[in-house]
Structure formats: C-alpha cells, structure tokens
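# Structural characterization, general
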Amino acid sequence: MADIEIRARAFWTDVEGDSLAVGFAASEDPEDGYVVFEGRPGDRKGLYLEVSDEIFAAKDAVEAVAFTDEGFVVTIRPSMQAKLGMVAEVAVFVGAEDADGQAALAVLRRLVG
C-alpha cells in the first residue's frame with residue numbers, strides 16, 4: 001500500500017517547447033492532496049516532483065513510475081524520501097472515463113517514457 005493515495009479529480013498539463021508539466025489533484029483545493037511533475041522527456045535526473053506541498057519537492061527524486069489500469073504509482077528514491085516527507089510511494093487513481101485525467105496520463109507517459 002502506498003504512503004499517499006490520491007483519487008484524482010482535477011488535472012493540469014502544460015507543454016512548452018520540449019518541457020512538459022502535469023499535475024493530478026484530489027480536488028481544486030491543494031490542501032486535498034496533489035502530485036506535480038515537471039521536466040523534459042528522458043531527463044530523469046532533471047525531473048521535478050512535488051507532493052502535496054512545495055516544501056515536499058525535489059529533482060531527481062523519482063525511482064520509478066508504474067502505470068496501472070487505475071492510474072499510476074510513483075516510487076521515490078530512498079535517498080530522497082526524507083526531502084519528500086518520508087514518503088516512499090504515491091498512488092494516483094484516475095477514472096477510466098475521465099477524459100482530462102486520461103489526457104494528463106498521456107502527458108505523464110511522454111514525460112517519464
């Protein structure tokens with residue numbers, strides 16, 4: 001079981017040149033929990049991850065992103081878990097029928113390859 005679970009209902013994407021950004025949130029209120037990724041496809045060391053607060057953010061923190069039928073699970077590198085509030089895994093659930101959520105997942109797939 002993941003340390004944080006987000007049932008995403010709000011999504012954000014931005015594509016600017018070769019930089020991509022994508023966010024998944026439980027609601028429009030950031031207090032309800034979110035995860036944001038920013039970077040360039042293929043640049044795992046430069047990938048920025050933020051989990052529910054900008055104080056829990058870092059580059060080069062993502063060990064893996066495993067996509068599932070229900071969304072994805074982010075695994076945090078052990079050496080970066082303290083920087084991210086001792087979080088080891090974040091599970092994000094996206095409804096299969098949610099077009100915005102599926103579009104955000106597509107951007108995330110491009111970003112993390």
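All values derive from a computational prediction rather than experimental measurement.

### As for unusual backbone geometry
Non-glycine residue S52 carries a positive phi angle of around 65°. Within the secondary structure, S52 is located in the loop between β5 (48-51) and β6 (57-59). For S52, a relative accessible area of 28% translates into the label partly exposed.

### Description of the sheet that holds strand β9 (residues 89-94)
Taken in spatial order, the four strands line up as β1-β9-β8-β7 in an open sheet, and their pairing is mixed. Strand pairing shows two members of the sheet lacking a second neighbour, β1 (4-8) and β7 (62-68), which therefore form its edges. Within this sheet the neighbouring strands show an average axis-to-axis angle of 15°, counted without direction. Sheet topology note: the β1/β9 ladder contains five bridges and is parallel. When the bridges of β9 are listed, E5 appears paired with A91. Its contacts with the sheet put helix α1 (residues 99-112) on β7, β8 (71-76) and β9, and the angle it makes with β7 is roughly 140°.

### What to know about the nonpolar core
Within soluble globular proteins, side chains that are nonpolar tend to cluster in buried spots. Among the nonpolar cores identified, the biggest contains 30 residues, and F24, V35, F37, L49, F72, V74 and V92 are the most heavily contacted of them. Sorting elements by how many residues they give to this core places α1 first, with six residues.

### Notes on the sheet that holds strand β2 (residues 10-16)
The strands making up a sheet associate through hydrogen bonds between their backbones, and the pairing can be parallel or antiparallel. Strand order in the open sheet formed by five strands is β2-β3-β4-β5-β6, with antiparallel pairing between adjacent strands. Across the chains shown, the open sheet's two edge strands, defined by having one partner strand only, are β2 and β6. Neighbouring strand axes in the sheet, compared pairwise and without regard to direction, differ in orientation by 10° on average. Sheet topology note: the strand β4 (residues 34-39)/β5 ladder contains four bridges and is antiparallel. Bridged to F37 within β5 is L49. Each of β2, β3 (19-25) and β4 is contacted by α1, which is oriented at about 135° to β3, the strand it contacts most.

Criteria and thresholds
Residues numbered from 1 in each chain as written. Predicted model: local features only at pLDDT ≥ 70, side-chain atom pairs only at ≥ 80, totals over all residues. Heavy atoms only, no water. Helix = DSSP H or I, 4+ residues; strand = E, 2+ residues; numbered from the N terminus. Buried < 20%, exposed > 50% of the residue type's maximum accessible area, 1.4 Å probe, protein only. Pairing = 2+ DSSP bridges. Axes fitted to C-alpha atoms, helices over the stretch in contact; angles between N-to-C directions. Contact = heavy atoms within 4.5 Å. Core = buried A, V, L, I, M, F, W, Y, C linked by side-chain atoms within 4.5 Å.

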